[in-house]
Amino acid sequence: MATNGEDNQNQVSRHQEVGHKSLLQSDALYQYILETSVYPKEPEPMKELREVTAKHPWNIMTTSADEGQFLNMLLKLINAKNTMEIGVYTGYSLLATALALPDDGKILAMDINRENYELGLPVIEKAGVAHKIDFREGPALPLLDQLIADEKNHGSYDFIFVDADKDNYINYHKRLIDLVKVGGVIGYDNTLWNGSVVAPPDAPLRKYVRYYRDFVLELNKALAADPRIEICMLPVGDGITLCRRIK
Ligand code: SAM
Ligand code: CA
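These numbers were taken from a predicted model, which means no experiment stands behind them. Along each chain, numbering runs from 1 in the same order as the chain's sequence is written. Think of it this way: whatever chain is written first is A, whatever ligand is written first is 1, and the rest follow in order. Local features in this predicted model are restricted to residues of pLDDT 70 or higher, and side-chain atom pairs are both shown and tallied only at a pLDDT of 80 or more, whereas totals for entire chains, interfaces and linings draw on every residue. With hydrogens and water stripped out, all remaining heavy atoms of the structure feed into the side-chain values.

1. A word on the pattern of salt bridges
Only one rule defines a salt bridge in this text: a Lys or Arg side-chain nitrogen within 4 Å of an Asp or Glu carboxyl oxygen. For the structure shown, the criterion picks out 13 salt bridges. With a closest N to O distance of 2.9 Å, aspartate 226 and arginine 228 form a salt bridge. Counted as one network, the salt bridges with shared partners bring together Arg114, Glu118 and Glu137.

2. Description of the site of ligand 1
Contacts to ligand 1 come from 18 residues, most closely from Thr63, Gly87, Ser93, Asp111 and Asp163. Measuring from a nitrogen atom of ligand 1, one finds a side-chain N or O atom of serine 93 at 2.9 Å. Under this definition, polar contacts are N or O atom pairs within 3.5 Å; protein pairs additionally need one hydrogen-donor-capable and one acceptor-capable atom, and for neighbouring residues in sequence, both atoms have to be side-chain atoms. In this structure, an oxygen atom belonging to ligand 1 sits 2.6 Å away from a side-chain N or O atom of aspartate 111. Of the residues contributing to the shell around ligand 1, the split by class is 9 nonpolar, 5 polar and 4 charged. Put simply, a residue is near a molecule or strand once any heavy atom of it comes within 4 Å of that molecule or strand. Under the scheme applied, nonpolar residues are Ala, Val, Leu, Ile, Met, Phe, Trp, Tyr, Cys and Pro; charged residues are Asp, Glu, Lys and Arg; polar residues are all the others, including Gly.

3. Focus on the coordination of the calcium ion (ligand 2)
Around the calcium ion (ligand 2), the donor atoms from the protein are Asp163 (OD), Asp163 (OD), Asp189 (OD) and Asn190 (OD1), and they sit 2.2 to 2.9 Å away. Spacing between the donor residues of the calcium ion (ligand 2) along their common chain follows D-x25-D-N. Here aspartate 163 is found in the loop between β4 (157–162) and α8 (169–179), whereas its partner aspartate 189 is found in strand β5 (residues 180–189), with 26 residues between them in sequence. Of the two residues examined, aspartate 163 and aspartate 189, each falls in the buried class. Metal donors were taken as nitrogen, oxygen and sulfur atoms no farther than 2.8 Å from the ion, or 3.2 Å where the ion is Na, K or Ca. Water is excluded, so coordination may look unfinished. A run of H or I in DSSP becomes a helix once it reaches four residues, and a run of E becomes a strand once it reaches two; helices and strands are each numbered from the N terminus. When a residue's accessible area, from a 1.4 Å probe over protein chains only, is under 20% of the maximum for its type it is buried; when over 50% it is exposed; and in between it is partly exposed.

4. Concerning the pairing of strand β3 (residues 133–137)
On a regular strand, one side chain projects to one face of the sheet and the next to the other, so that they alternate. In this description, strands pair whenever DSSP reports at least two bridges between them. The pairing of strand β2 (residues 106–111) with β3 spans 5 bridges and is classified as parallel. Residue aspartate 111 lies in a different strand from β3, and its bridge partner there is glutamate 137. When the strands point away from the viewer and the connection leading from the first strand across the helix to the second strand turns clockwise, the crossover is called right-handed. Taken together, β2, helix α6 (residues 114–126) and β3 form a β-α-β motif whose crossover is right-handed.

5. Focus on the side chain of asparagine 153
Relative to the helices and strands, asparagine 153 resides in the loop between α7 (140–149) and β4. Relative accessible area serves as the criterion here: at 14%, asparagine 153 is assigned to the buried category. Aside from chain neighbours lying at most four places away, what touches asparagine 153 is Leu147 and Leu179. In this description, contact between two residues means that some pair of their heavy atoms is separated by no more than 4.5 Å.

Now the structure itself:
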């Protein structure tokens with residue numbers, strides 16, 4: 001029989017307990033991916049940060065462990081060095097990024113909430129990667145406008161991860177397309193929006209899901225029609241659309 005300690009351990013490692021929405025056929029299949037290829041390879045600091053985040057009331061916002069693994073691999077594959085993240089929360093995707101970058105790599109990280117970032121910061125510091133992070137507290141849009149105002153920032157980012165207010169993604173895209181380099185990648189997260197992108201009009205959706213759905217639908221159409229990028233929508237996490245700038 002499992003002890004209390006083991007029960008707690010199982011709760012932290014089962015994805016349902018942190019509220020992740022699998023887009024796969026079954027929870028069992030998702031659990032299989034986690035247990036077979038994600039958890040056995042998850043770096044210790046990421047595991048620790050996942051456990052810290054699981055205790056926070058808004059833990060449904062965190063990046064899932066399989067998506068963290070995907071981002072980490074992607075950043076290494078494209079040899080990313082100069083990166084940006086919009087929407088940090090406690091820093092799981094940020095840590096996945098920081099661990100993937102070379103020692104002189106950089107992440108400009110933005111969030112309106114510093115408190116949640118500071119929850120994860122001790123783990124990031126212990127992992128020895130905090131020096132790569134330049135955290136800015138505040139809404140991302142004015143910060144992006146400041147960056148755009150300086151010509152030297154244009155085409156300077158290898159990778160940008162967008163995981164914040166979905167109603168602003170189109171506004172972010174208008175700016176990010178100039179900031180990412182040609183050949184660089186922007187990743188827009190949650191583009192399948194809990195599966196609601198295909199829900200019938202009368203489907204019983206949670207209020208926030210319904211509210212943001214139209215913005216996500218509009219973004220997905222705009223990205224598919226944008227001649228400056230190649231795209232690939234992946235059913236990882238809640239859906240991530242990778243956009244590779246081609247001109
Ligand atoms: N990437 C994070 C992770 O791996 O845990 C999750 C990010 S969470 C889904 C969304 C975050 O966006 C929240 O922390 C929220 O404070 C932040 N946010 C919301 N509106 C924002 C804005 N206008 N500018 C910057 N950050 C914002
Ligand atoms: Ca997300």
